[in-house]
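So you can see what is in the structure, the chains are spelled out below.
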Amino acid sequence: MTTQTNAVGGARRWWAVMPILRAPAMMGIGQAMEATGFEGCFSLQIYGPPFVPMAAVAAVTKTLKVSTGIAIAGTRSPLETAFAAMDVDTISEGRFILGLGSSIHSCVTGMYGEPKRKLLAHLRETVKIVRHINANAHKGLNPVAGEYFTADFAEMMITAPPVRDVIPIWIAALQDKMTALALEIGDGLMIHALWSADYTRTKAPFIAATLAKFGRLRTDVEINAWPWIAVNDDKQRAIDDSRATVAAYSGYKEYEPFFDAIGFGDEARACQLAGGVHGDVAKVVANVSDSMVEALVACGSIDQVLDRIEPYWQVVDSICPMTPYRDLTMAQITAYNGGIYAMVAEAKRRAD
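Structural notes, computed from the coordinates. Model, not experiment: these values are computed from the prediction.

Some remarks on the overall build of the protein
And then number 1: Counting its regular elements, the protein contains 14 helices and 13 strands.
And then number 2: Considered along the principal axes of its C-alpha atoms, the protein spans approximately 60 × 45 × 45 Å.
And then number 3: Burial analysis of the protein (352 residues in total) assigns 50% to the buried set.
And then number 4: Across the protein, the fraction of contacts at a sequence separation of at least 24, relative to all contacts at a separation of at least 6, is 73%.

Let's talk about the pairing of strand E8 (residues 169-173)
And then number 1: Burial runs high along E8: 5 of the 5 residues are buried.
And then number 2: What you see with E8 is no split at all: Ile-169, Ile-171 and Ala-173 on one side and Trp-170 and Ala-172 on the other are buried throughout.
And then number 3: Alignment of strand E5 (residues 96-101) against E8, held across 3 bridges, turns out to be parallel. Within E8, the position partnered with Leu-98 by the bridge is Ile-169.
And then number 4: Alignment of E8 against strand E9 (residues 188-191), held across 4 bridges, turns out to be parallel. Along E9, the bridge assignment pairs Ala-172 with Met-190.

Regarding the side chain of Thr-179
And then number 1: With respect to the secondary-structure elements, Thr-179 resides in helix H6 (residues 176-185).
And then number 2: Among residues more than four places away in sequence, those in contact with Thr-179 are Ala-173, Leu-174, Leu-189, Trp-195 and Phe-206.

Describing the pattern of salt bridges
Side chains bearing opposite charge may pair, as long as their charged atoms lie close to each other.
And then number 1: Enumeration over the complete set of coordinates arrives at 22 salt bridges.
And then number 2: A salt bridge links Arg-124 to Glu-184; the shortest N-O distance between them is 2.8 Å. Residue Arg-124 is located in helix H5 (residues 119-136), and its partner Glu-184 is located in helix H6; the two are separated by 60 residues in the primary sequence.
And then number 3: Among the residues examined, Glu-184 registers a relative accessible area of 25% and is labelled partly exposed.
And then number 4: For Arg-350, the salt bridge identified is with Asp-303, shortest N-O distance 2.4 Å. Of the two residues, Arg-350 sits in helix H14 (residues 330-351) while Asp-303 sits in helix H13 (residues 302-309), which places them 47 residues apart along the sequence.

Conventions and cut-offs
Counting restarts for each chain, with residues numbered from 1 along the sequence as it is written. Two thresholds apply to this predicted model, a pLDDT of at least 70 for residue-level local features and 80 or more for giving and counting side-chain atom pairs, whereas whole-chain, interface and lining totals are computed over all residues. Remark: hydrogens and water are excluded; side-chain values derive from all non-hydrogen atoms of the structure. In DSSP terms, a helix is any run of H or I states spanning at least four residues, a strand is any run of E spanning at least two, and both are numbered starting from the N terminus. Between buried and exposed lies partly exposed: a residue is buried under 20% and exposed over 50% of the maximum accessible area for its type, with that area taken using a 1.4 Å probe on protein chains only. Two residues form a contact once any of their heavy atoms are found within 4.5 Å. Being paired, for any two strands, means DSSP has found at least two bridges between them. Whenever a carboxyl oxygen of Asp or Glu lies within 4 Å of a side-chain nitrogen of Lys or Arg, that contact is scored as a salt bridge.

Below is the structure:
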């Protein structure tokens, strides 16, 4: 019998992704999350800023934590990011966590039209400035002169004190350099959905060594995993339904070193070459094998999926399961989301 604890000996915590829907639907989902026992929920920045939906959810829940998962640092001024975080923290009465990430150049520059920056350096600076504003806007801000952001704040009025002058910041990471940055300066590390349970376990020595390098304890940083999960008693159907999502992520040139590291570099390059335009997943999906899908997505029944994700708990504090989503109908996505709720309810039942 496996001990039902997380990597630091605490209770296993579950998070969920909140879809953007009409208000009554979001209210119902948020309240269902609370009733099921989820710790919190995230809103993704696909295109629009993720703070608005989290404010809406916070207004209709009582205990559910809310977080941006992620807010892309390079799409807005650090001043706006800081005040958006403080606004949602006020609305939620201290339940907000600021999830930040860098995304990739093809997104930040190619879609948002922002200038090309050194992504790690920009994210490090953003975190520093956001914390400065969060802690001091109600007392008066000293001028800031950074590599990417400079402001004298001369026109700023003193603001009302925030609910908290230290809002936790979790940083999303895929590869080692960003992971190390999160472990150095973050209050949390959000590991990418491409980190399978087995891969996550192999990174435990790197995590421990990096924390030690910066004089931090393991308990100083929440480690939060985002596995793809496809709960379906027809396992082959779950694999087939997940294939397009894996193909889409394989098509990013920036992720090629990661796929090389996990043994699927050739398949990833085939997805890039066949895809042409990244959004046309239909052209690349045939290049993704069943074994590649199963390496990256936990597929099958609730029991099978829980067994597959069990190794995460040796390394992480909390898990935010996500469904595959590319080239699926809304009915399919809804069914897979229902599977996640059923799985979490069963996991919590076993832990009690």
